[in-house]
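A closer look at the structure
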Amino acid sequence: MNVTSADGTSIAFDQRGTGAPIILVGGAFNDRTTVGGLAEVLAADFTTIAYDRRGRGDSGDTSPYAMEREIEDIAALIEHVGGTASVFGHSSGAVLALEAAAAGLPIEKLVAYEPPYAPDSDLRDDVTEKVRGQVAAGDRDAAAATFLEVAGTPPEVIEGMKHAPVWGWFTSLAHTLPYDLAICGPGARPRKDHLARITAPTLVVGGGASPEKLQTGARLAAAAVPGARHETLPGQDHGVLQHPESLRDLLVEFYK
């Protein structure tokens, strides 16, 4: 299925289940298949929308890129399901979901899993232009490696990944990495003035087995959103979408 965003871009999605709608927003290196497992887990209780963010999978893309266009994509999906919806976002997709709520989209309830915000004491140099240049030069391997390095992946792990089947998946989506970096913003700073505008009930989740940096990012988001609730999911890390059943009870309780 497809909807047309405000700028004419076609956004592809899969719809499952019945009940109140939830739009699932993936992060970097994700398409709609990455959130598909969670969509299936929640489909017994909700209508789930797993979609390809622009530039990925079966969705189109339109230049120039701006985060506002991705917010319009979510708005088009919300319109498709009846004008209001809840939203779940993972990683940079969690930042996008938070920004969509801050922009005033009609979001009923919002869950953000480990938005990768950095504390002021640990701000990185902005690498958006570097990755954009690597993509423009056709060096997808370098773009993927640079992004993973900034995300905190050890160099030896990145080298190992380059020889694994997953690397082809990563490089196939490397052209969208500047989008995720733009969404997170320079230095991955929380846009506290934006987050303070959110009025939707918000749950921010961190994984109990995640690195402290990611758990800190979740706490920063929860502290910046008025009235937000923070939870730690025991035993899970940033790869929680590979274990979607671990999220089910928490999400059903919150979205109901």
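The structure we're discussing is the one just above.
Quick caveat: nothing in here was measured; it's all calculated off a predicted structure.

1. Examining the packing of helix H4 (residues 128–136) against helix H5 (residues 140–150)
Between H4 and H5, the least distance of the axes is 7 Å, while the angle of their chain directions is 160°. It follows from the interaxial angle that H4 and H5 lie roughly antiparallel. Along this stretch, H4 crosses H5, giving a crossing that reads as left-handed. Together, Lys 130, Val 131, Gln 134 and Val 135 of H4 and Ala 142, Ala 143 and Thr 146 of H5 make up the contact between the two elements.

2. Structural notes on the pattern of salt bridges
Counting across every chain of the model gives 19 salt bridges. Of the charged contacts in the structure, one is a salt bridge between Arg 32 and Asp 58, with a shortest N-O distance of 3.2 Å. One end of the pair, Arg 32, is in the loop between strand E3 (21–25) and helix H1 (36–42); the other, Asp 58, is in the loop between strand E4 (47–51) and helix H2 (67–80), with 26 residues separating them in the sequence. Here Arg 32 falls in the buried class, since its relative accessible area comes to 15%. Linking Arg 229 and Glu 253 is a salt bridge whose minimum nitrogen-to-oxygen distance equals 3.0 Å. Here Glu 253 lies in helix H11 (residues 245–255) and Arg 229 lies in strand E8 (residues 229–233), a separation of 24 residues in the sequence. Overall, Arg 229 belongs to the partly exposed group, its relative accessible area being 28%.

3. Some remarks on the layout of surface pockets
In this structure, the largest pocket encloses a volume near 1200 Å³. At the level of elements, H5, helix H7 (166–172), helix H8 (177–184) and helix H10 (212–224) are the ones that each hand at least two residues to the lining of the largest pocket. Its residues assigned to classes, the lining of the largest pocket shows 19 nonpolar, 12 polar and 4 charged.

4. Some points on the sheet that holds E4
Taken together, the 8 strands give an open sheet; going across it, the order is E1-E2-E4-E3-E5-E6-E7-E8, and neighbouring strands pair in mixed fashion. Strand pairing shows two members of the sheet lacking a second neighbour, strand E1 (2–4) and E8, which therefore form its edges. The sheet shows a mean angle of 25° between the axes of neighbouring strands, taken without regard to direction. Across 4 bridges, the pairing between strand E2 (residues 10–16) and E4 is antiparallel. Its bridge partner lying in E4, Phe 13 is registered against Tyr 51.

5. Examining unusual backbone geometry
Here Ser 63 and Pro 64 are connected by a cis peptide whose omega angle stands at -5°. Tracing the chain through its elements places Pro 64 in the loop between E4 and H2. The phi dihedral of Ser 91 is positive, around 60°, even though this residue is not glycine. If you trace the backbone, Ser 91 turns up in the loop between strand E5 (85–90) and helix H3 (92–102). Residue classification places Ser 91 among the buried positions, given a relative accessible area of 12%. One non-glycine residue with positive phi stands out, namely Ala 188, at about 60°. For Ala 188, the position within the fold is in the loop between H8 and helix H9 (192–195).

Conventions used here
- Residues numbered from 1 in each chain as written.
- Predicted model: local features only at pLDDT ≥ 70, side-chain atom pairs only at ≥ 80, totals over all residues.
- Heavy atoms only, no water.
- Axes fitted to C-alpha atoms, helices over the stretch in contact; angles between N-to-C directions.
- Helix = DSSP H or I, 4+ residues; strand = E, 2+ residues; numbered from the N terminus.
- Parallel < 35°, antiparallel > 145°, perpendicular 65-115°, else oblique.
- Left-handed = near helix turned anticlockwise from the far one by under 90°.
- Contact = heavy atoms within 4.5 Å.
- Salt bridge = Lys/Arg side-chain N within 4 Å of Asp/Glu carboxyl O.
- Buried < 20%, exposed > 50% of the residue type's maximum accessible area, 1.4 Å probe, protein only.
- 1 Å grid on protein atoms, 1.4 Å probe; cavity = no way out; pocket = protein on both sides within 12 Å on 5 of 7 lines; lining within 4 Å.
- Points joined across faces, edges and corners; volume = space filled by probe spheres on them.
- Nonpolar A, V, L, I, M, F, W, Y, C, P; charged D, E, K, R; others polar.
- Pairing = 2+ DSSP bridges.

Purely spatial values, then, with no claim about function.
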